[in-house]
Amino acid sequence: MLTEETPLGVSLPLSAKPRSSPFPSDRPGLLSDAMTDVPVDSAAAARTSAPEGLTLAEEEELRSELAKVEEEIGTLRQVLAAKERHCGELKRKLGLTPLDGLKQNLSKSWHDVQVSNAYVKTSEKLGEWNDKVTQSDFYKKTQETLSQAGQKTSAALSNVGSVISRKLGDMRNSATFKSFEDRVGTIKSRVVGSRENSTEGLHSPSGTGDKPPQDNAPF
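Residues numbered from 1 in each chain as written. Predicted model: local features only at pLDDT ≥ 70, side-chain atom pairs only at ≥ 80, totals over all residues. Heavy atoms only, no water.

**Some remarks on the overall build of the chain**
Tallying secondary structure elements over the chain gives eight helices and two strands in all. Overall, the chain shows an N-to-C arrangement of helices and strands of β-β-α-α-α-α-α-α-α-α. Taking all 219 residues of the chain together, the buried fraction comes to 1%. A sequence separation of at least 24 residues applies to 6% of the contacts in the chain between residues at least 6 apart. Total accessible area on the chain is roughly 20200 Å²; 59% of this is exposed by carbon and sulfur atoms. (Helix = DSSP H or I, 4+ residues; strand = E, 2+ residues; numbered from the N terminus. Buried < 20%, exposed > 50% of the residue type's maximum accessible area, 1.4 Å probe, protein only. Contact = heavy atoms within 4.5 Å. Areas by Shrake-Rupley, 256 points an atom, 1.4 Å probe, with all protein chains shown as cover.)

Okay, here's the thing in structure tokens:
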């Protein structure tokens, strides 16, 4: 039986020879020489070369240690999942809602932030900046200027109030205001007097009402 040896070293019978494909990737003869020189040993191909500076024994030891660490990580994940389930059951029995857990986590996170080195350093730095600003000449001058402006504003408002009060007093003491006040008093007294007279007229009996009706009939 006639056979034909392929570029990969495998003998195929002529009857089993694959037909030519119109696609170049399906033609072994068109592959590059670099691809045809790949060894067929799958174990050797899957194994990566040792990093520089490591021997094969050291590489095997590191791989073994890596496998142990990965196994320990898997075990810890299982333990953590079991602990989380147990924690959820305890919270459910205690009546704790997810909102309570969220509040607790937020409080703990804020406490962790406050005690962190970054927060402490930032607070100290802000305190130093505040001291420098408050002790600077520019801040002191600005504060004095604002204080003087406030005092001047208060004095101006006080003067305005005094002027208004004095003007009102002068107006009330003026002859025009007194004449107007007298006229108002006169009108008021007239109105009150007319009301009193009308009230007395309503309550007091009339002259004809006091006398008994005369009997003009002849005896």
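**A word on the packing of aromatic side chains**
Following the criterion strictly, the structure yields one aromatic pair and no others. For the pair Trp-110 and Tyr-119, a centre-to-centre distance of 6.0 Å together with 75° between the ring planes defines the contact as edge-to-face. (Phe/Tyr/Trp six-rings, centres within 6.5 Å; stacked < 30°, edge-to-face > 60°.)

**Here's the deal with the pattern of salt bridges**
Scanning the model with the defined rule gives three salt bridges in all. A salt bridge links Arg-63 to Glu-59, with the nearest nitrogen and oxygen atoms 3.1 Å apart. Residue Arg-63 and its partner Glu-59 are located together in helix H3 (residues 56-94), separated by four residues, close to a single helical turn. On the accessibility criterion, Arg-63 (45% relative accessible area) is partly exposed. As a salt-bridge pair, Lys-125 and Glu-128 come within 3.8 Å of each other at their nearest N and O atoms. Residue Lys-125 and its partner Glu-128 are located together in helix H5 (residues 117-134), separated by three residues, close to a single helical turn. (Salt bridge = Lys/Arg side-chain N within 4 Å of Asp/Glu carboxyl O.)

**Some thoughts on the confidence of the model for the chain**
On average, residues of the chain score 75 in pLDDT, and 66% of them reach the 70 mark or higher. Element-level pLDDT for the chain is lowest in helix H2 (residues 42-46), with a mean of 44, against a maximum mean of 94 in H3. Considering only residues more than four positions removed or in separate chains, one finds that residues 40-46, a stretch of pLDDT under 50, has zero contacts. (pLDDT = per-residue confidence, 0-100.)

**Let's talk about a nonpolar patch on the surface**
Side chains of Trp-110, Val-113, Tyr-119 and Val-120 sit close together on the surface and give an oily, nonpolar patch of about 340 Å² of accessible area. Of all the elements in the fold, those that place two or more residues in the nonpolar patch are helix H4 (98-115) and H5. As for its position among the elements, Val-113 is in helix H4. According to the relative accessible area criterion, Val-113 is partly exposed, its value standing at 37%. (Patch = residues over 30% accessible without salt bridge, like charges linked within 9 Å, V, L, I, M, F, W, Y side chains within 5 Å.)

**Remarks on the packing of H4 against H5**
Contact pair H4 / H5: the axes reach a minimum separation of 4 Å and the direction vectors enclose 55°. The pairing of H4 with H5 is recorded here as oblique in orientation. Across the interface between the two elements, Trp-110, Val-113, Gln-114 and Val-115 from H4 touch Asn-117, Tyr-119 and Val-120 from H5. Of the residues that constitute the contact of H4 with H5, the class distribution is five nonpolar, two polar and no charged. (Axes fitted to C-alpha atoms, helices over the stretch in contact; angles between N-to-C directions. Parallel < 35°, antiparallel > 145°, perpendicular 65-115°, else oblique. Nonpolar A, V, L, I, M, F, W, Y, C, P; charged D, E, K, R; others polar.)

**Focus: the environment of Gln-114**
Its place among the elements puts Gln-114 in helix H4. By relative accessible area, which is 33% here, Gln-114 ends up partly exposed. Ignoring anything within four residues of it in the chain, the contact list for Gln-114 reads Tyr-119 and Val-120.

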